[in-house]
Amino acid sequence: MALNESDLCADPMAQFRLWFAEWRKHAGDAEGEFNAVTLATADAKGKPSARIVLLKEVDAGGFVFYTNYQSRKGAELAANPNAALTFWWPAMERQVRAEGVVAKVAAAQSDAYFHSRPRKSQLGAAASQQSETLTHYAALTDEIARLDKNHPQKIPRPQHWGGYRLTPKRMEFWQSRANRLHDRVCYCRVGGEGGEWSRGRLWP
Ligand SMILES: Cc1cc2nc3c(=O)[nH]c(=O)nc-3n(C[C@H](O)[C@H](O)[C@H](O)COP(=O)(O)O)c2cc1C
């Protein structure tokens, strides 16, 4: 399938929404984690690490995911807010890359999302000291039981758990083509946040 530049939106977030909707429709129930995305971060010295998270919201500002602020990724983002997301949608043979700066979402947004989750997910998120060494699995299950008992009604969102938004400065749309002569269209933000986007093709 060819990627014609004339078919692409001027705003890459609008283009992302189109492709993401197509992938979601195609993935249906077959792909449980259709919103999985690889998040790459780097520490203060630039040493990288990557892991998968779930994309939970796409808004005008960028891509929102939720995690533990004290996890390895949280510590890296506190030291170095530059990060990248890579989506791979095999049935469409499409890759989307987004690079930019990450910031925490508003506390009210994290509260709303936290409390929209099933109680067991809230307990798991609140109990986990994500990325720390877990010497005994029972330490986790005991902490879940303790929180469950202490909060028979609403579980408060812990301060160390919430959302991040990656606001892209660069995005790339990749479409597979025959003989590895793939289409790549790259958008760069010109003139800082909220500025216009420039667009061009890259060699495959
Ligand atoms: C399909 C999938 C979805 C995941 N979604 C999340 C997520 O939304 N948030 C999260 O913190 N971890 C998620 N994880 C776990 C992370 O990949 C990772 O193990 C965890 O966040 C700790 O990463 P860190 O030590 O680099 O901070 C997911 C893993 C998989 C395989």
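Here is what the cut-offs are and how they apply
Residues numbered from 1 in each chain as written. Predicted model: local features only at pLDDT ≥ 70, side-chain atom pairs only at ≥ 80, totals over all residues. Near = placed C-beta within 6 Å. Helix = DSSP H or I, 4+ residues; strand = E, 2+ residues; numbered from the N terminus. Core = buried A, V, L, I, M, F, W, Y, C linked by C-beta atoms within 7 Å. Buried ≥ 20, exposed ≤ 12 C-beta atoms within 10 Å, placed from the backbone. Expected span 1.5 Å × (residues − 1). Axes fitted to C-alpha atoms, helices over the stretch in contact; angles between N-to-C directions. Parallel < 35°, antiparallel > 145°, perpendicular 65-115°, else oblique. Left-handed = near helix turned anticlockwise from the far one by under 90°. Contact = placed C-beta atoms within 7 Å. Pairing = 2+ DSSP bridges.

S.K.: So what exactly am I meant to see when it comes to the site of the ligand here?
M.R.: Every one of the 16 residues lining the ligand counts as a neighbour, but Thr 67, Ser 71, Arg 72, Lys 73 and Ser 131 are closest to it. For the shell around the ligand, the secondary structure elements donating two or more residues are β2 (48-54), β4 (62-68) and α2 (72-79). Ranked by residue count, the leading element in the shell around the ligand is β2, at five residues.

S.K.: It is not clear to me how the nonpolar core should be interpreted in this structure. Could you clarify?
M.R.: As a rule of thumb, nonpolar side chains are buried together in soluble globular proteins. By size, the foremost hydrophobic cluster in this structure holds 21 residues, and its most contacted members are Phe 63, Phe 65, Leu 85, Val 96, Ala 98, Tyr 164 and Leu 166. Contributions of two or more residues to this core are made by β4, β5 (82-89), β6 (94-104) and β7 (161-175). Membership of the second largest hydrophobic core comes to six residues, among which are Phe 114, Ala 125, Ala 126 and Ala 127.

S.K.: How do you make sense of helix α5 (residues 137-150) when you look at a structure like this?
M.R.: What sets the pattern is the α-helix's 3.6 residues per turn: residues three or four places apart point alike. A rise of 1.5 Å per residue sets the reference length of α5, with its 14 residues, at 20 Å; its end C-alpha atoms lie 20 Å apart and thus fit the reference within 8%. Among the 14 residues of α5, zero are classified as buried, and the element is accordingly described as predominantly exposed.

S.K.: I keep staring at the packing of helix α4 (residues 119-127) against α5 and nothing clicks. Help me out?
M.R.: To describe two helices that pack against each other, one gives the angle between their axes and the distance between the axes. Running from N to C, α4 and α5 cross one another at 120 degrees; their axes reach a closest spacing of 9 Å. Relative to α5, α4 is oriented oblique. Taken as a pair, α4 and α5 cross one another with a handedness that is right-handed. Contacts from Leu 123, Gly 124, Ala 126 and Ala 127 in α4 reach Leu 140, Glu 143, Ile 144, Leu 147 and Asp 148 in α5.

S.K.: So what exactly am I meant to see when it comes to the pairing of strand β1 (residues 36-42) here?
M.R.: Side chains on a regular strand alternate between the two faces of the sheet. Alignment of β1 against β2, held across seven bridges, turns out to be antiparallel. Paired with Thr 38 across the strands is Ile 52, a residue of β2. Linking β1 back to β2 in an antiparallel pair, the connection comprises five residues, with Gly 46 at a positive phi of about 90 degrees. When β1 meets β5, the two strands line up antiparallel, connected through three bridges. Note on β5: the bridge partner recorded for Thr 38 is Thr 86.

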